[in-house]
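# Residue-level structural notes
Spelled out from the first residue to the last, the chains are:
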Amino acid sequence: MFQYSLILFAFSVQAHKEGNPQKLLEMNGHTAVPHSYDYDLIVIGGGSGGLAAAKEAAKYEKKVMVLDFVTPTPLGNSWGLGGTCVNVGCIPKKLMHQAALLGQALQDSRKFGWQFPEEVKHNWMTMTESVQNYIGSLNWGYRVALREKKVTYENAYGEFVQIFPLATNKRGVEKLYTAERFLIATGERPRYLGIPGDKEYCISSDDLFSLPYCPGKTLVVGASYVALECAGFLAGLGLDVTVMVRSILLRGFDQDMANKIGEYMEEHGIKFIREFVPIKVEQIEEGTPGRLKVTAKSTKGNEVIGGEYNTVLLAIGRDACTRKIGLDKVGVKINEKTGKIPVNDMEQTNVPYIYAIGDILQDRLELTPVAIQAGRLLVQRLYGGATTKCDYVNVPTTVFTPLEYGACGYSEENAIQKFGEENIEVYHSHFWPLEWTVPSRDNNKCYAKIICNIRDNERVIGFHVLGPNAGEVTQGFAAAIKCGLTKEQLDSTIGIHPVCAEVFTTLSVTKRSG
Amino acid sequence: MGKTYSLLLLFALFDLSDHTCENVQEQPEYDLLVIGGGSGGLACAKEAAQFGRKVAVLDYVEPSPPGTKWGLGGTCVNVGCIPKKLMHQAALLGSALKDAQILSLSALFLFHSCSSSLNVRLCCFLPNRKVKYFNVKGSFSDPHTIRGLTKGGKETILTAEKIVIATGGRPKYPIHVAGALEYGITSDDLFWLKESPGKTLVVGASYISLECAGFLTGIGLDTTVMMRSIPLRGFDQQMASLVTEYMESYGTKFLKKCIPTKVEKLESNRLQVTWKNTDSGTEETDSFDTVMWAVGRAPDTKALNLETVGVKTNSETGKIIVDAREATSVPHIYAVGDITEGRPELTPTAIAAGKLLAQRLFGQSSELMDYDNVPTTVFTPLEYGCVGLSEEKAVQCYGSDNIEVYHAYYKPLEFTVAERDATQCYMKMVCLREREQRILGLHFIGPNAGEVIQGFALGIKCGATYPQLMKTIGIHPTCAEEITKLHITKRSGLDATVTGC
């Protein structure tokens, strides 16, 4: 375990002492600045965005420091350098999703001629150990990369302070660092319900991927992609899973697709309790896992239900880590309600030399590749004379539920709202992956849909696919959409045969036609 | 011999009204007659029927030397893409079992149960929508008349205003190799074998050879590939090497620079193959249960009687010469698919060409088929997907100073925990070097290569440039996202290994 040290910052001490606001503004330009700061750039948060920015800045031979610190979860869990994605997000999630898919592949393989002993069981500990080992190698890799690029890394909690110059206690407790510019990339952490027993007995995604025991019968609370993806792979590994949803699934995503995802999960053994919220979690029995009793109330009336589970996983949302890093002291404005930081299109906060990227940004997508891209481009603009801004339009994404969902562009609802129903054309089709035929898997679940703007040459403004390898399929189409793809170009492109993606080159039935 | 016309049983199923077959027709019976009921032929026929035309399709499968035959649908459905991909999937599942740590225990591949389920699922391609189907072997009597022969020798005469030839190709036998015809099989037979092929020698360096050898290895069979010279001729050679390298590390044996000289049957019923190693000049020999020839495919144009009507073919390949409208040297006779000279031998191009042809003939369209930038995928154990120019071709067309090649070695996330070897997982993008940096070719080796490449093929159709691709945000974590992050050039000489996020 790393030693906990509290590090404090002073910002622009020099300028502050001189009381010269002019100098403050100058710092954001490209005018030569006296090297009176410890660092050119201090990055608070060593996750996807922060590390990408730090490594990029080092390329320009800037003096960079990265501060990364993980506040342990209520259950005491912590992890190394790399942020959410590497430790408790995308990476372990996809690996566990893969473990579940392999379970399905085992079933399929019998129909393809493979013969093996009847009972195939899953060992949770083996899986988590492998996953954690891999994550450990990534943590290590990042530390090496930073060292090689001469980026200073401190495993410490960063906070802004407004102080007068102060002698520092170098030996471990407090240190002060100054920098010309700061980049906040502190990301988010899972939200708790605020009900009795939530912090004591419930786990979150922060705990799930390193849980030292099999979670057993699990209740997943939430309807986010985190909730559905976790419920999905837990069920795929053979566990009894229930999802408790307050209202709709995957808010913000195309609802037609969200419902199909939910249907598929239900048909494959995952139970859904809709329109209920937990009001109390109590422990019946201690253990690994123990037994918990969950009491829930209906959102539509007074009905109260109870259920018993080994594990309760909360996935109701994530909160930005912006409240306890001293932003008020330096005047960085945040959205008081959400905690998110509004920035301009150059990722600049209201304080000119303080920037922010990643999940903490207001009105931006919470995705690793977006944070990385934003971080890199920001640094290129600051130190490389570049002018390219991060393009947040048509960012593709994939939800790794048992039936994967890839999307880029507008949802059907948003397209109708923006352009008017009469101006959009929706082409769609179910498809049956060839690999599903022999094992007789569902023949009407995989689905492809594109939304076109009739007024603009039938330009493709929305792409949606439900099926295996949705991410691999969607990526190229996202590039094509960036090039202004139209329906005509789609139709004139030859498909690769036999793959799922080719369905998009032969879409002809519109929703309008029924 | 007098011509006899008999009303076949088949005809009873269809409405023929009052046409007699004896006289030369004033009015041709059909608007369109398609010879060959495969990918191209059926697509063309069904499309023409949509315009309310009277269409007939003739399909006939000459049995392979060992006697294998199949129904309507052509190569793709019966002895090509479809069974190939399913067997490839069976092999991939073997890897999945290994990943899931099951195979080490006691998983066996049961060939017969796999192939029987394959046969069951081959879908029905019978044309609906008023397309008449005749299971007869067609040949030209005169420019508008086709003579159809059933298996039993009964004759039918059909006339049509327009005729489309879509008879495809069949595997070649190296007839100069003694015993090749008697003892060897081809892809036509492989997918229908009732028993496991056992220890197999696959002769050839085509994608058919490598794909088949790949899945045979994957299902646990002792498999060897014999190649005369380079693998995957016509494909990017750097990528071709990576494909074969992976296969070698995966367990397929390779006999490089070797050519077979004879095949003999042993008393044990095994086959003794003798070959010449052209490098060392020595002769070597070994025995196999099965020898499969994958030395190329050739069109069966002789039986069509094309000379009678003046349809020109390429003297070397035997393929039919067509122009941009798919028209042959005879104005009302067209050809699509594998049988046409200079076209890619792919199902989707045949289908697209067939449909567009029907639309031009009967639907007042003037749209021609675009054969540029057709994406394709080789379904070897580690798949290879590509679209556009190979690096060699690009250098040839533009000069190495005028192109930039971005490349990267990457590791699929799923390979990490499973400890799979990702040495050959690689991608490269060939671009023009000048300002816009238009993408000329994209090559990807890795899992699900077809799924990855399809969307990018679209981008290239839209004239995608390197900067546009770099502006596209990646989906994480996938393999495809690495394409949007390509930034190391070959020219720089820097290490192209992807390192973390």
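Residues numbered from 1 in each chain as written. Chains lettered and ligands numbered in written order. Predicted model: local features only at pLDDT ≥ 70, side-chain atom pairs only at ≥ 80, totals over all residues. Heavy atoms only, no water.

Residues and elements named next belong to chain B. UniProt annotation of "binding site: NAD(+)" (unreviewed entry) refers to Gly204, Ala205, Ser206, Tyr207, Ile208, Ser209, Leu210, Glu211 and Gly296 when read in the numbering used here. In terms of the greatest pairwise C-alpha distance, the residues named above, spread along 93 residues, form a tight cluster of at most 13.6 Å across. As for its placement among the helices and strands, Ser206 is situated in the loop between β9 (200-203) and α9 (207-218). A relative accessible area of 23% places Ser206 in the partly exposed class. Among all residues touching Ser206, those that are not within four sequence positions of it are Leu232 and Ala294. Here Ser209 is to be found in helix α9. Among all residues touching Ser209, those that are not within four sequence positions of it are Val202, Val203, Gly204, Val225 and Ala294. (UniProt positions renumbered as here; feature names shortened; annotations may be inferred. Helix = DSSP H or I, 4+ residues; strand = E, 2+ residues; numbered from the N terminus. Buried < 20%, exposed > 50% of the residue type's maximum accessible area, 1.4 Å probe, protein only. Contact = heavy atoms within 4.5 Å.)

So, on to the pattern of salt bridges. All names here are of chain A. Going through the model one piece at a time under the given rule, you end up with 53 salt bridges over all chains. Residue Lys511 is joined to Asp256 by a salt bridge in which the shortest nitrogen-to-oxygen separation is 2.9 Å. Within this pair, whereas Lys511 is found in the segment after α16 (487-491), its partner Asp256 is found in helix α10 (residues 255-267), the two being separated by 255 residues in sequence. Of the residues examined, Lys511 reaches a relative accessible area of 30% and is grouped as partly exposed. You can call Asp256 partly exposed: its relative accessible area is 21%. As a salt-bridge pair, Glu425 and Arg512 come within 3.0 Å of each other at their nearest N and O atoms. On the criterion of sequence distance, the pair formed by Glu425 in strand β22 (residues 424-431) and Arg512 in the segment after α16 is long-range, its members being 87 residues apart. Via salt bridges that share partners, Asp254, Asp256, Lys260, Glu412, Lys449 and Lys511 belong to a single interconnected network. (Salt bridge = Lys/Arg side-chain N within 4 Å of Asp/Glu carboxyl O.)

Okay, the packing of aromatic side chains next. Enumeration according to the criterion identifies 16 aromatic pairs over all chains in this entry. Seen in terms of ring centroids, Tyr410(A) and Phe419(A) are 5.4 Å apart; in terms of plane orientation they differ by 75 degrees. Their pairing is edge-to-face. For Phe419(A), a relative accessible area of 24% corresponds to the partly exposed category. Among the aromatic residues, those joined into a ring-pair cluster are Phe463(A), Phe477(A) and Phe504(A). Directly above the aromatic system of Tyr427(A) lies the positively charged group of Lys487(A), at a separation of 4.1 Å from the ring centroid. Across the ring face of Tyr30(B), the terminal group of Lys54(B) is positioned such that the distance to the ring centre comes to 5.1 Å. (Phe/Tyr/Trp six-rings, centres within 6.5 Å; stacked < 30°, edge-to-face > 60°. Lys NZ or Arg CZ within 6 Å of the ring centre and 35° of its normal.)

Looking now at the UniProt feature "domain: Pyridine nucleotide-disulphide oxidoreductase dimerisation" (unreviewed entry) in chain B. UniProt marks residues 374-485 of chain B with the feature "domain: Pyridine nucleotide-disulphide oxidoreductase dimerisation" (unreviewed entry), using the numbering shown here. In residues 374-485 of chain B, the share of helix is 29% and the share of strand is 26%. The end C-alpha atoms are 23 Å apart.

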